[in-house]
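Geometric and topological summary
The chain contents come next:
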Amino acid sequence: MTISLRPIGIVHSRFTEVAGMPIQTAGAPDEPGRIEVLPEFAAGLKDIEGFEYLILLTHMHRASKELLEVVPFLDTETHGVFATRAPARPNRIGLSIVRLVSVEGCTLHFTGNDMLDETPVLDIKPYVPRFDARGTDRVGWFAARLDQLPKVRSDDRMA
Ligand SMILES: C[S@@+](CC[C@H](N)C(=O)[O-])C[C@H]1O[C@@H](n2cnc3c(N)ncnc32)[C@H](O)[C@@H]1O
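A brief structural summary. Keep in mind that this is a model prediction, so the values were computed, not measured.

What counts, and at which threshold
Residues numbered from 1 in each chain as written. Predicted model: local features only at pLDDT ≥ 70, side-chain atom pairs only at ≥ 80, totals over all residues. Heavy atoms only, no water. Helix = DSSP H or I, 4+ residues; strand = E, 2+ residues; numbered from the N terminus. Buried < 20%, exposed > 50% of the residue type's maximum accessible area, 1.4 Å probe, protein only. Areas by Shrake-Rupley, 256 points an atom, 1.4 Å probe, with all protein chains shown as cover. Lys, Arg positive; Asp, Glu negative; His and termini not counted. Charge placed at Lys NZ, Arg CZ, Asp CG, Glu CD. Phe/Tyr/Trp six-rings, centres within 6.5 Å; stacked < 30°, edge-to-face > 60°. Core = buried A, V, L, I, M, F, W, Y, C linked by side-chain atoms within 4.5 Å. Pairing = 2+ DSSP bridges. Axes fitted to C-alpha atoms, helices over the stretch in contact; angles between N-to-C directions. Near = heavy atom within 4 Å. Polar contact = N/O pair within 3.5 Å; in protein donor to acceptor, adjacent residues only side chain to side chain. Nonpolar A, V, L, I, M, F, W, Y, C, P; charged D, E, K, R; others polar. Patch = residues over 30% accessible without salt bridge, like charges linked within 9 Å, V, L, I, M, F, W, Y side chains within 5 Å. Salt bridge = Lys/Arg side-chain N within 4 Å of Asp/Glu carboxyl O.

Our focus in this paragraph is the overall build of the chain. When its secondary structure is counted, the chain shows one helix and eight strands. Shown N-terminal to C-terminal, the secondary structure of the chain runs as helices and strands in the order β-β-β-β-β-β-β-β-α. A principal-axis box enclosing the C-alpha atoms of the chain has dimensions of 45 × 35 × 35 Å. By the burial criterion, 36% of the 159 residues in the chain qualify as buried. For the chain, the exposed area adds up to about 9700 Å²; of that, 53% sits on carbon and sulfur atoms. Averaging the coordinates of the 18 positive side-chain charges in the chain and doing the same for the 22 negative ones gives two points 4 Å apart.

Printed below as a string of structure tokens:
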């Protein structure tokens, strides 16, 4: 089965190359970006200004590799891609939770940016802690690595 998707908008970002950019939105909470939602989807933005955080589902369009085992940016060991957040994955789906700063027509200004310029946005959903936040101590191999998040930046290993 093949599924065909169309972008509902596009990310504008100061990052035009993967090398040196943040690897997660939580590692770059002040990093700005904006989404230009395509005019035909404008009505879908009604009431979005009421949310502090948005979940973006994106297509990491410049990931040319599709790997099932990867050495992620936060580690030196190989992990199965589905146990990572690596971009070089089947379907190249990205999930970025960003902080909505303002809405100007079809433009959504946000902070917390780990996306390349011109990343296609497939969907936007409101972040609702009661739905989406879980308390857990079981975070797999990340447990030993999360302290490094603020200082780790991407390289081009998955481009
Ligand atoms: C580790 S992924 C995490 C993305 C998202 N927060 C997630 O967890 O799905 C973020 C990295 O993907 C790469 N990247 C970002 N936007 C991309 C794009 N449009 N195409 C290919 N790679 C991209 C950069 O190397 C960036 O540091």
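As a further point, take the packing of aromatic side chains. Following the criterion strictly, the structure yields two aromatic pairs and no others. A centroid spacing of 3.9 Å and a plane angle of 25° characterise the contact between W141 and F142, whose relative ring orientation is stacked.

A few words on the nonpolar core. One finds I35, L54, L56, L108 and I124 to be the most contacted residues of the largest nonpolar core, which totals 15 residues. Mapped by element, the contributors of at least two residues to this core are strand 2 (32-37), strand 3 (53-59), strand 6 (93-104), strand 7 (107-111) and strand 8 (120-126). The next biggest cluster of nonpolar side chains, apart from the first, holds 11 residues, and it includes V70, F73, V81 and L149.

As a further point, take the sheet that holds strand 3. Pairing is antiparallel in the closed barrel, where six strands are placed in the order 1-2-7-6-3-8. Direction aside, neighbouring strands of the sheet carry axes that sit 45° apart on average. Relative to strand 2, strand 1 (residues 9-12) runs antiparallel, the two being bridged by four bridges. Its bridge partner lying in strand 2, V11 is registered against I35.

Not every one of the 20 residues close to the ligand is listed here, only the nearest: P22, R85, D114, T119 and S154. The side chain of S154 places a nitrogen or oxygen atom 2.7 Å from an oxygen atom of the ligand. For the shell around the ligand, the residue count by class is 11 nonpolar, six polar and three charged.

The next point concerns a nonpolar patch on the surface. Where nonpolar side chains cluster on the molecular surface, the patch consists of M1, I3, L5 and I93 and spans about 520 Å² of accessible area. Its location among the elements puts M1 in the segment before strand 1.

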